[in-house]
Amino acid sequence: MRKPFLLALVSFFYSISFSQDLGYYLPANTSYNPSIPKPKDIIYHEVGEWHITHDRLVNYMKAVAAAAPERVKLETMGFTYESRPQVLLIITSPSNHKKLEEIRQQHILLSDPSRSSSVNIDNMPIVVWIGHSIHGNEPSGANASLLTAYYLAAAQGKYIDDLLEHVVILFDPSFNPDGLQRFSTWANQHKSKNLVADPASREFNEVWPGGRYNHYWFDINRDWLPAVHPESQHRLEWFHRWKPNILTDHHEQGSNATFFFQPGVPSRVNPLTPEKNQQLTEKLAAFHAHSLDSIGSLYFTKENYDDFYYGKGSTYPDINGCIGILFEQASSRGHARETSNGLLTFPFTIRNQFVTALSTLEGARVLRKEFLAWQREFYKNAENVSGNVNGYVFGDKNDEARTNLFVQMLLRHQIQVNELGDWKNNEFEKGKAYAVSLKQPQSTLIKAIFENVPVYKDSLFYDITAWNMPLAFGLPYAAVTNEKNAFGKNVTDVPAVGHSTTPSLSSYGYLLEWDDYYAPAALYALQDMGIRAKVAGKPFEMPIAGKNMAFDYGTILVPVTMQSISAEVIYQKITALAKEYGLKVYPLATGYTTEGINPGSSNFNALEKPSIALITGSGANPLDAGEVWHLLDQRMNIPCVQLEQSTFNRTDLNRYNTIIMVGGNYGEISKDKLKAWVQAGGTLIVTEEAVSWASQNGISNIRFKRVRPATDSADRLAYVQREEIEGAQQMRGAIFRADVDLSHPLAYGYNQPTVSMFKANKVFMQKSKNPFATPFYFGSNPLQSGWLSKENLEAVKNSASVIVNAVGGGRVISMADNPNFRAFWLGGTKLFMNAIFFGSTISAASSREEE
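Residues numbered from 1 in each chain as written. Predicted model: local features only at pLDDT ≥ 70, side-chain atom pairs only at ≥ 80, totals over all residues. Heavy atoms only, no water.

**A word on the packing of helix α18 (residues 622–635) against helix α24 (residues 829–838)**
- Relative orientation of the contacting elements α18 and α24 amounts to 80°, with a least axis distance of 12 Å. Judged by the angle between their axes, α18 and α24 are roughly perpendicular. In this structure, α18 uses Val628, Leu631 and Leu632 to contact α24, whose residues at the interface are Thr829, Phe832, Met833 and Ile836.
- Looking at the contact of α18 with α24 residue by residue, the classes come out as six nonpolar, one polar and no charged. (Axes fitted to C-alpha atoms, helices over the stretch in contact; angles between N-to-C directions. Helix = DSSP H or I, 4+ residues; strand = E, 2+ residues; numbered from the N terminus. Parallel < 35°, antiparallel > 145°, perpendicular 65-115°, else oblique. Contact = heavy atoms within 4.5 Å. Nonpolar A, V, L, I, M, F, W, Y, C, P; charged D, E, K, R; others polar.)

**Quick look at the pattern of salt bridges**
- Following the criterion strictly, the structure yields 28 salt bridges and no others.
- The partner of Asp162 in a salt bridge is Arg365, with the nearest N and O atoms 2.8 Å apart. Of the two residues, Asp162 is situated in helix α7 (residues 158–166) and Arg365 in helix α11 (residues 346–366); the sequence distance between them amounts to 203 residues.
- Among the residues examined, Asp162 registers a relative accessible area of 27% and is labelled partly exposed.
- Where Asp219 meets Arg222, a salt bridge forms, and the shortest distance between an N and an O atom there is 3.5 Å. You'll find Asp219 and Arg222 in the same group, each marked buried.
- By sharing partners, the salt bridges in this structure join Glu138, Arg212, Asp219, Arg222, Asp463 and Arg822 into a single network. (Salt bridge = Lys/Arg side-chain N within 4 Å of Asp/Glu carboxyl O. Buried < 20%, exposed > 50% of the residue type's maximum accessible area, 1.4 Å probe, protein only.)

**Quick look at the sheet that holds strand β22 (residues 585–588)**
- The strand order across the open sheet built from five strands is β22-β17-β21-β18-β24, with neighbouring strands paired in antiparallel fashion. Each of the sheet's edge strands pairs with one partner strand only, and the pair in question is β22 and β24 (604–606). Adjacent strand axes in the sheet meet at a mean angle of 30° when their direction is disregarded.
- As judged from the four bridges shared by strand β17 (residues 509–512) and β22, these two strands associate in the antiparallel manner. Counted as the bridge partner of Tyr510 is Pro587 from β22. (Pairing = 2+ DSSP bridges.)

**A word on the environment of Gly733**
- Mapped onto the elements, Gly733 comes out in the loop between α22 (722–728) and β29 (734–740).
- Sequence separation between Gly733 and Asn761 is 28 residues, and the spatial gap between their C-alpha atoms is 7.6 Å.

**Notes on the pairing of strand β12 (residues 389–394)**
- Along β12, five of the six residues are buried, which leaves the element largely enclosed by surrounding structure.
- Taken together, the four bridges between β12 and strand β14 (residues 434–437) define a ladder with antiparallel strand orientation. Looking at β14, one finds that Phe394 is bridged to Tyr434.

**Re unusual backbone geometry**
- Note the cis peptide between Trp208 and Pro209, where omega equals 0°.
- Along the polypeptide, Pro209 turns up in the loop between α8 (177–189) and α9 (230–242).
- With an omega of 20°, the peptide bond between Gln262 and Pro263 qualifies as cis.
- Within the secondary structure, Pro263 sits in the loop between β8 (259–261) and α10 (275–294).
- Phi is positive for Tyr44, which is not a glycine, with a value near 75°.

**Some words on the pairing of strand β10 (residues 336–339)**
- Sheet analysis places β10 next to strand β11 (residues 342–345), joined by four bridges and oriented antiparallel. Within β11, the position partnered with Glu338 by the bridge is Leu343.
- If you look at the hairpin formed by β10 and β11, you'll find two residues sitting between the two strands.

**Quick look at the environment of Leu793**
- As for its placement among the helices and strands, Leu793 is situated in helix α23 (residues 790–796).
- As a C-alpha pair, Leu793 and Ile669 span 124 residues in sequence and 33 Å in three-dimensional space.
- Those residues in contact with Leu793, other than ones at most four positions away along the chain, are Phe736, Leu783 and Leu788.

**Concerning the confidence of the model for the protein**
- Residues at a pLDDT of 70 or more form 96% of the protein, whose mean pLDDT is 94.
- With pLDDT under 50 throughout, residues 6–17 is counted as low confidence; its partners more than four residues away or in other chains account for 28 contacts. (pLDDT = per-residue confidence, 0-100.)

Listed below in structure tokens is the structure:
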């Protein structure tokens, strides 16, 4: 059945790789509808001659849809942060388009075990999602989408008619519009008429942060599961609307490689992924091999890449009854580049991506019924729950916002969520907790979200080794064992914020509880209006509306007197903020407490409005910096200045009271200037590798634990073992339990004695000799989830997670881990915001290192 397809590929017009006309790419002996515009007609250059910009890419997709409405329908899934459209082309036969909704409705029945048995798949089209360039500076995929769109819209003949009759194609030309636009601009503006292939040329060396990332410098190929960003949220909505059988993810790799297609390393497949998934992946691989063989392209498989973390585009489908396929093409980065395999041209990279898109569609056509049957089987098997656990309960009764954000994440994956029923457990409060049953179609995905991986077959990983989402969100959760009463009514939506309290007008003051996730956003908004606030350094009790209430460390006091704004305006503002952010605010009728400190006590510390500078640019880790920017800008509505290292050295630092340095190398920064600023009263927050940099340069006083070598110098090992031994010592990412001093300003708002921290580095701090300076620290059994070597685990044990150093009149807050990891580590948000708002209130005596 593959003969017509292979003959067409073998007869490719084989010209030199510098040629950019369509004959270099397209199958020969195929006629094309002349009414369909060729790419050059719309984008004004041949494919591969220049890097396609996102605006021109969309223009071409619109033109194709307009010219071939009988085959192509264009949908706008949504818009990116930079307001670029995310377009999706639905490509199939004219007869299928006439009954498209009927086809979709029938297809999604395969994922409903209660109804799938009656579905006839004999003539059902298979659904294939073709996706391109989720990393903006891996452009061959998006550029190849021009060719695939043209071929599918314009090709004529029996073969293409049969293909489109049996396949519905969801065609996503650019997973990452903002990153693609950024990179294409860079590559095009540095192209010479006489192509320069020297890898040292500026064309191949982007300025920071590069085009890989989205607007906030996130790798959105890690966001399929957490779905933090609009690009992911829009895509998931359409993914689950159609439930594709195959999804391709077209990437690029190092320039000295060749071409990779899955399967990946067999021992690095997540244990929740069924064996049948890998068998079907292997069957598809034969089609890719035939296609690449026919044009003489080198390739490899079952090496380097894995199917472990379900947050990637090639792995998320595997947990949803779909087959995810990763393609990795050696990158030319620019237009032509010298490599160890010879001269690598941009058109060559595009052609490989194009032919494997076609090989995927051919494999889907030939194996159609097998893939459809597998999707039905996957969901039938998923609902067969074994073991004592039949669901999970979760929720934080002190912070509804974090709980609601978690529910929203679950709902995006079409996970059925229930209100908490009549389940007896003091940790969870009805109305503020939810339950998820495993007896539903998405039970395998639920396990991937809630469970820890029990056994690791390998010690090498391409990405993180753990992502238990309740731990990441900092939510209490518990397994439900045969408790039918735990599951109440179905939940279809929840607000992003919790329930607020509406205070009455007070002439004395207001109390704002700090437990709520968005409390820092409200506090900044008040300060930005010029309203002064204080924070409680000790607990207290006082009457509120005739009822005695207890208030914890970190409670915010907004006094009405001695403000420059009237009591009425303060009331209006604080009431509006309580509603906007879902906060609990209480009016004060008196300053007299029934127990503990009074509002006039010196233990209420005055707070300064944060003025924040984030060190960015060359040397800083763009992922870590982007996480901080996103947190402040998107979630807390707090502005921060982005300072390049070179700009830092000529900037008046007196404009800022807080400077943040994430993991990276800061060799260009004036160390003396930074230290003087801290000594004058500034708060310096350093995370991950920046902790080591600050200590090495005398800005902080941190001592580090040494990692015991994995091998002895006397050992004699086989050369082939080197990669495995060295790779096993990498910290790809695991979750650790940190003990917390809840009375410390950095712990305000936490209610549990432990916090889950994510660690993906080898920064192991010794605890401070000052007994009050290490508010977050790891005990003797800290590992909660993930894999790491025994040598690294020993280094984590009894180490410090957070240390505060007093330096002159300022503070250096060192966080060995990443509290903002990928913007879904909401359990670390409070720590980071506490450092910004309360860092300057930390006692100097509790932060000076004892000799």
